[in-house]
Amino acid sequence: MGPIEGLLYGFTIAMTPTNLFACFIGVLVGTVVGVLPGIGPVGAMALLLPSTFALHPATALIMLAGIYYGAMYGGSTTSILVNVPGEAGSVVTLLDGYQMTRKGRAGAALAIAAVGSFVAGTIGVVGIMMAAGWLADVAVQFGPPEYFAITFGGILLLSRLSGGSLLHAFVMVAIGLALGTVGMDSISALRRFTFGSVQLSQGIDLVPVIMGLYGVAEVLLLAEEGIARVNIASVRLRDLLPTREEWRQASMPIARGSVVGFLTGLVPGPAAVLSTFISYTLEKKISKTPERFGHGAVEGVAGPEAANNAATAGAMVPLLSLGIPFSPATAILLGALVIHGLNPGPLLISDRPEVFWGFIASMYIGNFMLLVLNLPLVGLFVSVLRLPQHVLATLVLMLCLVGAFSLNNSYLDLWVLAAFGLFGYGLRKLRVDPSPLVVALVLGPMMEKTLRQALFITRGSLVELVARPLTAAILIVTLAAFLGPLLVRLRPRRVIPP
Amino acid sequence: MLDRALPALVFAGAAFYLLQAVQLPFGSAARPGAGFYPVATAIFACVVGGAATVLAFVSRRPEHVADAVDPVSAAARRRVFITTVALLAFCVVMPWVGYPLAAAAFGVATLLGLGSRWWTATTIGVGSALGSYYLFAVLLDVPLPRGPW
């Protein structure tokens, strides 16, 4: 069955009333959990997984995946409006999205995020449909050395995201890497840095760290600066539509973010998070006015928002074609497939075409549903700004506390939230960007695991490790990208005689 | 002070982390143990944390840092202090009194600290605590602790 034939067949499956309803529920729940800080897609998918047991496998997959990509739409809302990422994939959006809000362009930022997400989601689905088999073949050639090179390169490059002091970025990276080692060692099962705490054996969850560094820290700054920091009364409904210039600025970043996001989704790791950092860095690098980034640049919203949606589509490729989940969310989808007696892998497409193609077609429908749901609701979300700032700050803190606790029903996560809130407040006072810490915390455990596996394979030989063609290529590209700008900066400037 | 205290704190943390890491089985390059990567991370953390601390003490404070860490007004300090104490108090008391009561007390205290009038703070604080409990615990089935009652 060819892609077009398969897609048409998929639409006959996805357009049944049951599957349409499942898709609607999935994207609606996804949007809501994306909007609410801390209640991420993984938790919502895990909560709803038991309710899918009685459904057809295709219906279950459609609903659970709807939550996943729906959350990417919703996650941007709180990032833009209140500087609290609804989920980890929206962390980067707040850098410029919230600044747009402070400039009275909240509506435009939300609309660009929604349209960018729709375009990217649709491009991503086309990508799965057209290239799933071929791209999965490339990804499957990666071994631990290649995975190590990717994660190492990711941390090295993304530590430059803040664009500030390299030393401060490395300090943040070091803290993130160290935090990633807390908990049970994935290879030897030895407990490390847990100090006898059973809760710490599970490791330090990313979400309370992010919510503390961004959400709680922001609330403390609001508390310090008083309640009149943002003039919320100036946001008007007529400002919801982006201007022609804003659309022009957003169009290419959306296209680039879609490609970057889809490709990032193909490789292991938190693709939705990573893709946003990569997209943001890319947009900043190629911009003629990089100084606008961090101060409300439209490109800083459009690119990452497109990227995180395309990444969710890209992450489906290894899941559906190889049966390998590269993120917690796709791991839940894999669990759902297994529970329903399916064998995810290369044979899924031929053995159960109704599941594979029905799922692909449902993503087209789901993306359209999300656009229809989100654009009219933009006004509703903007109305949140009418709340007095101190009331909003208190509610944000309450949502952070509930969100942090509900992840694992752990009181430890509350303390992690509070600790990183205070730490983030200190960093904000010193104007140090905590983003490299987040990236290192996400990628650190994978980097450790793949490094140890790679050293085991090469019997401890670093030369053998980096001499593998794919590893060498990844490392050379990484070092060139990292050192290139530094060397350019160090090059003596020609003095023009008067 | 913060611009010097924070790097020093990071360096102290890195040194403590290194002391803990070296107690883990290191293994060898061919068979890395559970301590292999943490030791490498700890050395990296000590180097960059130490460099940041030294620089913070020997270099001239950048103007923006000096501005940022200069003492803020007493009222601003009080607001941050009250919010922080309310946050920490919530973490302490929630296991004992449950979410609704802890959240209501947290909401009222924070709102009062940020400048709300007492009746506004009470209404919004208690209302948002009960509302969020209903939304998450009842509708979304998030197991928030109710407390002893």
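Below: a short report on this structure. (Residues numbered from 1 in each chain as written. Chains lettered and ligands numbered in written order. Predicted model: local features only at pLDDT ≥ 70, side-chain atom pairs only at ≥ 80, totals over all residues. Heavy atoms only, no water.)

1. Digging into the interface of chain A and chain B
As a reminder of what qualifies: Here, residues are in contact when the closest pair of their heavy atoms is within 4.5 Å. The term buried area means the drop in 1.4 Å probe accessible area that two parts suffer when joined, counted for both and summed. Salt bridge criterion: a side-chain nitrogen from Lys or Arg within 4 Å of a carboxyl oxygen from Asp or Glu. Throughout this description, a polar contact denotes any pair of N or O atoms lying within 3.5 Å of each other; where both atoms belong to protein, one of them has to be capable of donating a hydrogen while the other can accept it, and for residues adjacent in sequence the pair is counted only when both atoms sit in side chains. Secondary structure elements are defined from DSSP: runs of H or I of at least 4 residues count as helices, runs of E of at least 2 residues count as strands, and each element is numbered from the N terminus.
Between chain A and chain B, the residue contacts involve 61 residues of the former and 64 residues of the latter. Between chain A and chain B, roughly 5,200 Å² of surface is buried when both sides are summed, and carbon and sulfur atoms account for 83% of that area. Sorting the residues of chain A by area buried against chain B places Phe193, Met398 and Leu430 of chain A first, and these three jointly supply 12% of that buried surface. The tally of links between chain A and chain B comes to zero salt bridges. Across the contact surface, chain A and chain B share five residue pairs in polar contact (both at pLDDT 80 or more). For the side of chain A that touches chain B, the secondary structure elements donating two or more residues are α8 (166-180), β2 (191-192), α10 (206-225), α17 (389-408), α18 (411-429) and α19 (435-457) of chain A. Tallying contributions element by element places α17 of chain A first for the side of chain A that touches chain B, with twelve residues.

2. Section: the environment of Ala75 of chain B
Residues and elements named next belong to chain B. The condition that has to hold: For every residue, the accessible area obtained with a 1.4 Å probe (protein chains only) is divided by the maximum for its type, and the residue is called buried under 20%, exposed over 50%, and partly exposed between those limits.
With respect to the element layout, Ala75 can be found in helix α4 (residues 74-97). Residue Ala75 is classed as partly exposed on the basis of its relative accessible area of 38%. Linking Ala75 and Gly113, residues 38 residues apart in sequence, is a C-alpha distance of 9.9 Å.

3. A look at the nonpolar core
To be explicit about the condition: To qualify as a nonpolar core, a set must consist of buried Ala, Val, Leu, Ile, Met, Phe, Trp, Tyr and Cys residues joined through side-chain atoms within 4.5 Å.
Formed by 106 residues in total, the largest nonpolar core has its most connected members in Met316 and Ile360 of chain A together with Phe90, Tyr99 and Leu144 of chain B. The contacts of Leu144 of chain B, once residues within four sequence positions are left out, are Val402 and Phe405 of chain A together with Tyr99, Tyr133, Phe136 and Ala137 of chain B. Counting residues in hydrophobic clusters, the runner-up holds 66 residues, among them Phe170, Leu177 and Phe193 of chain A together with Val48 of chain B.

4. A word on unusual backbone geometry
Residues and elements named next belong to chain A. Within the chain, Phe193 stands out as a residue other than glycine whose phi angle is a positive 55 degrees. Mapped onto the elements of the fold, Phe193 is located in the loop between β2 and α9 (198-201). Judged by its relative accessible area of 10%, Phe193 falls in the buried class. Phi is positive for Arg459, which is not a glycine, with a value near 55 degrees.

5. Some thoughts on the pattern of salt bridges
For side chains of opposite charge, pairing can occur when their charged atoms come near one another. All names here are of chain A. Inspection of the entire model under this criterion finds twelve salt bridges over all chains. Close ionic contact of Asp185 with Arg192 constitutes a salt bridge, the shortest N to O distance being 4.0 Å. The salt bridge partner of Arg256 is Glu283, with a shortest N-O separation of 2.9 Å. Taken together, the positions of Arg256 in helix α11 (residues 244-266) and Glu283 in helix α12 (residues 271-286) put the pair 27 residues apart, joining distant regions of the chain. The buried category is assigned to Glu283, whose relative accessible area is 2%. Via salt bridges that share partners, Asp185, Arg192, Glu448 and Arg452 belong to a single interconnected network.

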